[in-house]
Structures are given as structure tokens and as C-alpha cells.
Amino acid sequence: MPTVKYQKGDTVMGRWPGSSLYYEVKVLGFKPRTQLYTVIYKDGTELELKEQDIKSVSGFQTRSRSRSRSPSRRRSRSRSPARTTRRSSSRTTSAPSSRRDSKLKDTVEVRLSPLVSAAAALILSDHLIFVVVERLIERLKDAGKNNGRLNLTKLTSLVSLLCLFLPPGAYFWLLFLPAWVLFVILQVNLKDPSLVNAPPPLPPLDAFWDAQALGFVILWILFQALLYILPVGKLSEGMPLRSGERLKYRTNGFFAIVVSAIVAGIAVHQGVDLTYVHSHFLQLATATFIISVLLSIYLYVRSRYASSAELALGGNSGNVVYDFFKGHELNPRIKNFDLKFFCEMRPGLIGWCLINFAMALAEMKQQNLDAPSYAMILVNLFQLLYVVDGLWNEEAILTTMDLMHDGFGFMLAFGDLVWVPFTYTLQAYYLVSHPNSLSLPAVTAIVILKLIGFYIFRKSNSEKNAFRRNPSDPKLSHLKTIPTATGKSLLVSGWWGVVRHPNYLGDLIMALAWSLPCGFSHLLPWYYMIYFIILLVHRDSRDMSECRRKYGSAWDEYCRTVRYRIIPRVY
Ligand SMILES: NC(=O)C1=CN([C@@H]2O[C@H](COP(=O)(O)OP(=O)(O)OC[C@H]3O[C@@H](n4cnc5c(N)ncnc54)[C@H](OP(=O)(O)O)[C@@H]3O)[C@@H](O)[C@H]2O)C=CC1
Ligand SMILES: CC(C)=CCC[C@@H](C)[C@H]1CC=C2C3=C(CC[C@@]21C)[C@@]1(C)CC[C@H](O)C(C)(C)[C@@H]1CC3
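For clarity, every value in this text was computed on a predicted model and none was experimentally measured.

Engineer: How should the packing of aromatic side chains be read in this particular structure?
Structural biologist: Any aromatic ring pair is given by two values, namely how distant the centres are and how the planes are angled relative to each other. For the coordinates displayed, the defined rule picks out 40 aromatic pairs. Between Phe 337 and Phe 342, the aromatic rings sit 5.0 Å apart at their centres with planes inclined by 55°, giving tilted as the arrangement. Ring centres 5.1 Å apart and planes at 80° place the aromatic pair Trp 352 and Tyr 424 in the edge-to-face group. Of the two residues, Trp 352 is situated in helix α15 (residues 347-366) and Tyr 424 in the loop between α18 (410-423) and α19 (426-433); the sequence distance between them amounts to 72 residues. We note that Trp 352, like Tyr 424, is buried.

Spelled out as C-alpha cells, the structure:
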């Protein structure tokens with residue numbers, strides 16, 4: 001038998017695949033056939049490593065100190081295993097501590113899967129190309145180290161240069177997302193709109209611009225900001241940050257929508273013509289887009305001056321475009337004014353309802369109706385319920401991925417301010433000029449579907465939120481849980497025992513109920529449903545990787561117990 005350097009039970013330093021980071025691992029065994037060691041990280045993650053990726057604990061520190069000063073080495077030193085281990089003993093036992101590491105882990109998984117799924121992952125995962133290039137650079141460095149024949153500096157520069165011409169997903173999304181909004185806005189005005197049609201001819205440039213529209217958008221955002229800062233409503237605590245600190249948020253969203261509704265009602269009563277929103281939709285969207293870009297630039301610049309404790313784990317690649325897109329600072333605030341929370345919950349979300357209302361008025365005007373159609377009423381009420389519920393339970397947003405983990409950059413700024421109000425309103429916009437009559441039984445069936453979706457969505461979100469806020473809440477004592485090495489537990493019964501994302505299931509059922517009133521003549525009103533499936537499947541896989549990284553074997557156990565992700569027995 002060939003000599004095996006490390007024995008079962010040995011504690012050694014294992015390299016995290018694709019990176020130059022080493023963590024303390026325990027050897028579980030060696031497979032002579034593949035010449036790989038099976039090791040387990042402190043968070044329970046099991047991996048197979050080559051002998052060259054393992055070092056003894058004693059020899060490790062001397063060698064790591066003599067590392068080169070290249071940026072990647074600098075990065076690896078600042079997050080050295082020693083530091084990670086020290087940090088983990090105080091708070092968590094998780095081994096690889098950064099988001100970047102989880103990206104690397106994803107990359108390894110993608111490499112092992114067939115080409116087709118890699119391509120699908122490429123479309124869905126905006127950071128993938130970036131990570132692949134990073135890995136390639138690491139590989140080339142390793143290759144150079146091993147045979148000494150490659151000129152590493154030249155190769156590294158070559159690949160970095162290639163990176164400029166093979167832009168990461170962020171470049172694509174930066175251009176695609178605004179272009180898509182423009183495409184659907186232009187489509188919805190056509191007599192026969194279609195998602196698969198070639199884009200209609202672009203209107204002249206001056207058709208995009210209207211100073212008054214910009215003025216209205218600015219007024220709207222300022223009005224919402226004013227409502228947000230008023231000392232009305234509860235001050236809620238966010239989840240603990242890495243520093244242990246908990247930020248406070250003014251959760252008065254319900255108050256804000258009620259005041260906004262009263263003001264809109266008074267304005268209409270006073271003769272303000274809200275159908276302006278319908279006739280100037282493109283100009284309003286352009287104005288909001290400009291504001292979202294300016295905001296993103298501000299966010300990017302200020303993130304350069306933020307301390308490392310204030311940064312999100314992603315969005316710090318060093319690539320300006322990628323970081324601008326992903327967002328770097330976790331909770332950018334001006335004094336107590338939380339920009340991410342405000343943008344996610346106020347101008348866009350409440351604006352969505354205002355636009356829907358304006359579309360109902362536009363429908364009555366355009367089709368000479370005394371009251372909006374059933375279809376328009378359903379779309380308005382369903383989406384109003386969704387938004388009002390979100391604002392009523394505003395505190396629950398503090399335990400979602402966006403608030404807890406994601407940096408605030410162009411993706412969310414654009415998503416919150418432009419994407420939500422100008423694409424989530426397409427069903428109402430569509431109905432203005434594409435009437436769809438509904439029978440009473442059809443109305444009843446759609447209402448029942450919406451209520452089922454809403455029930456699943458609300459109950460599951462509230463269950464998780466209550467559990468995360470107080471795991472020993474007596475109302476939840478009947479639920480089964482799995483402890484994890486981080487000290488947090490995972491629910492394995494109740495809603496979170498049915499599928500791994502019951503809240504997504506409820507949300508998808510509701511999305512179906514929003515599209516049905518528009519009928520089947522065109523694909524455009526089904527756009528939200530299609531987009532939402534892609535968004536939630538992507539979010540689910542992002543969350544899976546993140547939770548596997550955080551919870552290790554406990555997460556695997558959860559996945560073994562709860563086998564389906566979103567739809568029981570299907571997916
Ligand atoms: N309309 C729209 O455009 C959109 C709506 N949404 C909706 O927003 C809501 C929030 O979604 P999102 O932020 O994506 O994700 P979730 O609210 O589902 O949050 C996921 C987190 O929940 C925790 N978790 C996962 N499984 C368990 C478990 N078994 N027990 C306890 N905690 C668990 C984990 O965080 P940890 O363990 O760290 O607490 C995980 O990271 C959803 O209802 C979604 O449908 C989302 C996106 C867009
Ligand atoms: C394509 C693109 C630009 C994506 C950005 C995604 C954002 C539009 C969404 C990410 C998570 C969101 C949530 C809501 C709105 C859409 C965004 C911002 C949400 C506020 C809608 C109302 C719900 O009740 C909610 C509070 C649960 C929800 C939270 C997540």
C-alpha cells in the first residue's frame with residue numbers, strides 16, 4: 001500500500017477549493033483509488049482534498065507568513081485561518097467565513113455538473129463568470145508554482161485583461177435590466193403586445209424626457225421620506241450584525257400607505273388627473289431610472305469610505321462595475337435614515353399601488369366605464385393586499401436575505417425604485433387597453449386561489465420571523481427543530497417542514513392569481529409570473545448555498561428531512 005501521509009483523525013489545515021485559504025479540518029479517510037483525502041471542516045462540510053491541498057498545522061503558520069504580496073495573497077492573509085478559527089471559537093463554529101468562499105464552493109459544484117447546468121447557472125448567477133476567472137488565476141498560479149515554466153505575472157495580467165473583454169454578469173445585467181423595462185413598457189402600448197416580438201421602434205429621445213415627471217418623482221420620494229422619519233409607529237430592532245450591534249428601524253409603513261392613500265384620494269377629489277401616470281409612464285420611468293443611477297453612484301462612492309464592519313460580504317471584488325452593481329455597504333444610513341430599508345419598503349412599493357390606482361382611472365377614461373372592470377378591480381385589490389400586508393408586517397423584512405446579507409447597490413436601488421413600480425404594474429397597465437371580461441365563477445375561483453396563496457405566504461413568513469426573533473416562543477413549542485453549530489436552530493416541522501421555501505410557494509400561487517384576470521390572449525401579463533419563477537428559483541439556490549455554508553451538516557440533515565424546495569413532490 002502506498003504511504004498515506006495523513007491518518008484518519010489527524011487535525012490538519014485543508015485548503016478551501018479554488019482559494020488560497022486554509023482552515024482547520026479533520027481527516028476522515030483516504031481513498032487510494034482517487035488518491036483523495038476526505039476531510040471535514042468545523043462547520044460540518046465534508047470535502048475531498050488532494051494531498052497537496054493539505055498542510056500540517058505546525059508547518060502551516062511559518063509558511064503562510066512568507067507568502068507573496070499579491071492582492072489575492074493579501075486578501076488571504078487578512079482572513080487567515082488562524083483569525084477565522086479565533087473568531088469562530090467566540091461566536092460560531094463555521095469554517096469558511098466569507099461570501100467569496102461560498103462563491104468558490106459553488107464554482108466547484110458547477111464544475112462537477114454537466115455543461116448544460118453550468119450554462120443555466122451562468123444565466124442565473126451574475127457572479128459566476130467573475131468567480132471562474134478568479135479560480136483560473138489561482139490555478140495558473142498553482143501551475144506556475146509546480147513546474148516553474150510559466151511566467152505567472154504575464155499569465156495573470158493576460159487573464160485579468162481577458163476579464164475585461166469577457167465581462168462578468170454584472171455588465172450584462174446593468175444593460176439588460178433597464179433595456180427590459182423599456183421593452184415591456186413599449187410592448188404594453190401595442191395593440192397586440194408580445195414578449196417574443198421584436199422590440200418596437202424606439203421613440204425619439206425627447207419622448208423619454210419630461211422635467212415635470214422628474215419633479216413629480218422627486219416630490220413623491222421626498223413625501224415618502226418625510227412619512228418615514230416622522231416619529232410615528234414602532235422602532236424595531238434588526239437582526240444582530242457581525243459586530244453584535246442591532247440597528248433600529250422605524251417600521252411605520254402601514255401608516256405611510258394610509259396617509260398616501262388619503263392624500264391621493266383628496267387629490268383626485270380636488271380634480272387632479274391621475275391618468276397622467278398612464279399617459280407619461282415612460283417619462284416617469286426614465287426620471288426614476290435617473291434617480292436610481294444617481295443613488296447607486298452615491299452608494300458606491302460612500303461604500304469606498306465605509307469601514308470593513310459596515311460592508312456586506314459580497315460586492316467587494318475590486319471590480320468597479322461588479323461592486324457598483326452588487327452593492328458594497330450593508331446598511332448605508334444618513335444618520336438614522338436607512339436608505340436600503342426605505343427604498344425597499346416605501347417609494348416603489350407604495351408607488352406600485354398608486355400606479356395601479358391610476359391605471360384603473362385610465363381604464364375607465366379610455367373605455368368609457370362608470371367603474372373599473374372586474375379584472376382591474378381584482379388586480380388592484382390583490383396587489384394592494386400584498387403591499388399592505390408587507391407594510392403591516394414590515395418588521396418581518398428585517399429577517400429577509402436582502403436586509404440581512406445583501407449590499408445596497410444598483411441591483412437593489414434599481415429593483416426597488418424602477419423595477420417594482422414600473423414592471424409589477426404591467427397587468428393593470430395592460431388591462432387599460434386590453435379588456436378581459438370575467439364571469440362570476442371565474443372571479444370566485446381566482447379570489448379563492450389568491451387567498452390560498454396569501455394564507456401560505458403569510459403563515460410561513462410569520463412562523464419563521466417569530467422563530468428567528470424568539471426561538472423559545474411558547475406558541476412555537478410544538479415545532480421540531482434541528483440545532484446547528486452556530487447556535488441558531490432550523491425549523492423542520494410546521495410550514496418549513498413541508499418544503500424548504502413555503503413562503504415562495506405562497507408567493508407563486510398569488511402571482512398566478514394576479515395574471516389570471518388578464519386572460520390568455522397575450523403573454524405580457526404573464527411576464528410577472530415567468531420572471532418570478534426565475535427570481536425565486538435563483539433566490540432559493542442562492543439561499544441553499546448560503547445556508548449550507550452557514551449550517552454545514554445540520555443544513556444537509558434539514559435537506560434530507562425536507563426533500564422538496566418549493567413545490568411539494570414536484571420541485
Ligand atoms: N414580490 C417580490 O418581488 C419578491 C418577494 N419575495 C418574498 O419575500 C419574502 C422573503 O424572501 P427571502 O428573503 O428570499 O427569503 P426567506 O424569507 O425565505 O429567508 C431565507 C432565510 O430564512 C432562514 N431559514 C431558511 N430555512 C429555515 C428554517 N427551516 N428554519 C428557520 N429559518 C430558516 C435562513 O436565514 P437564517 O437562518 O440566517 O435566519 C434563510 O437564509 C418571501 O416571502 C418571498 O416570497 C422575495 C423576493 C422578491
Ligand atoms: C431583477 C431585479 C432588479 C431584481 C431585484 C429584486 C427586487 C425587485 C426584489 C428583491 C426582494 C424584494 C422584495 C419585495 C419587493 C421586490 C424586491 C425588492 C417585497 C418588499 C415585496 C412585498 C412583500 O410583502 C415583501 C415585503 C415580502 C417583499 C420582500 C422582498
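Engineer: It is not clear to me how the pattern of salt bridges should be interpreted in this structure. Could you clarify?
Structural biologist: Side chains bearing opposite charge may pair, as long as their charged atoms lie close to each other. Tallied over the entire structure, the rule returns 14 salt bridges. Put simply, Glu 395 and Lys 234 hold a salt bridge, and the shortest N to O gap is 2.9 Å. Linking Glu 395 in the loop between α16 (374-392) and α17 (401-404) with Lys 234 in strand β6 (residues 234-237), this pair joins segments that are 161 residues apart in sequence. With its nearest N and O atoms 2.9 Å apart, the salt bridge here joins Arg 346 to Glu 394. Here Arg 346 is found in the loop between α14 (339-345) and α15, whereas its partner Glu 394 is found in the loop between α16 and α17, with 48 residues between them in sequence. The same class applies to Arg 346 and to Glu 394, which are both buried. What you see here is one network of salt bridges that share partners, running through Lys 234, Glu 395 and Arg 469.

Engineer: What's the story with the site of ligand 1 in this structure? I'm lost.
Structural biologist: Near ligand 1, the surroundings consist of 25 residues, among which Tyr 424, Arg 468, Tyr 504, Asp 507 and Tyr 551 are the closest. Between an oxygen atom of ligand 1 and a side-chain N or O atom of Arg 468, the distance comes to 2.5 Å. Within the backbone of Leu 491, one N or O atom sits 2.9 Å away from a nitrogen atom of ligand 1. The fraction of the free accessible surface of ligand 1 (910 Å²) that becomes covered by protein chains is 93%. For the shell around ligand 1, the elements supplying multiple residues, two or more each, are α20 (440-469), β11 (489-491), α21 (502-515) and α22 (527-551). By residue number, the principal contributor to the shell around ligand 1 is α22, which donates eight residues. The residue makeup of the shell around ligand 1, split by class, is 14 nonpolar, four polar and seven charged.

Parameters at a glance
Residues numbered from 1 in each chain as written. Chains lettered and ligands numbered in written order. Predicted model: local features only at pLDDT ≥ 70, side-chain atom pairs only at ≥ 80, totals over all residues. Heavy atoms only, no water. Phe/Tyr/Trp six-rings, centres within 6.5 Å; stacked < 30°, edge-to-face > 60°. Helix = DSSP H or I, 4+ residues; strand = E, 2+ residues; numbered from the N terminus. Buried < 20%, exposed > 50% of the residue type's maximum accessible area, 1.4 Å probe, protein only. Salt bridge = Lys/Arg side-chain N within 4 Å of Asp/Glu carboxyl O. Near = heavy atom within 4 Å. Polar contact = N/O pair within 3.5 Å; in protein donor to acceptor, adjacent residues only side chain to side chain. Areas by Shrake-Rupley, 256 points an atom, 1.4 Å probe, with all protein chains shown as cover. Nonpolar A, V, L, I, M, F, W, Y, C, P; charged D, E, K, R; others polar.

By themselves these figures say nothing about function.
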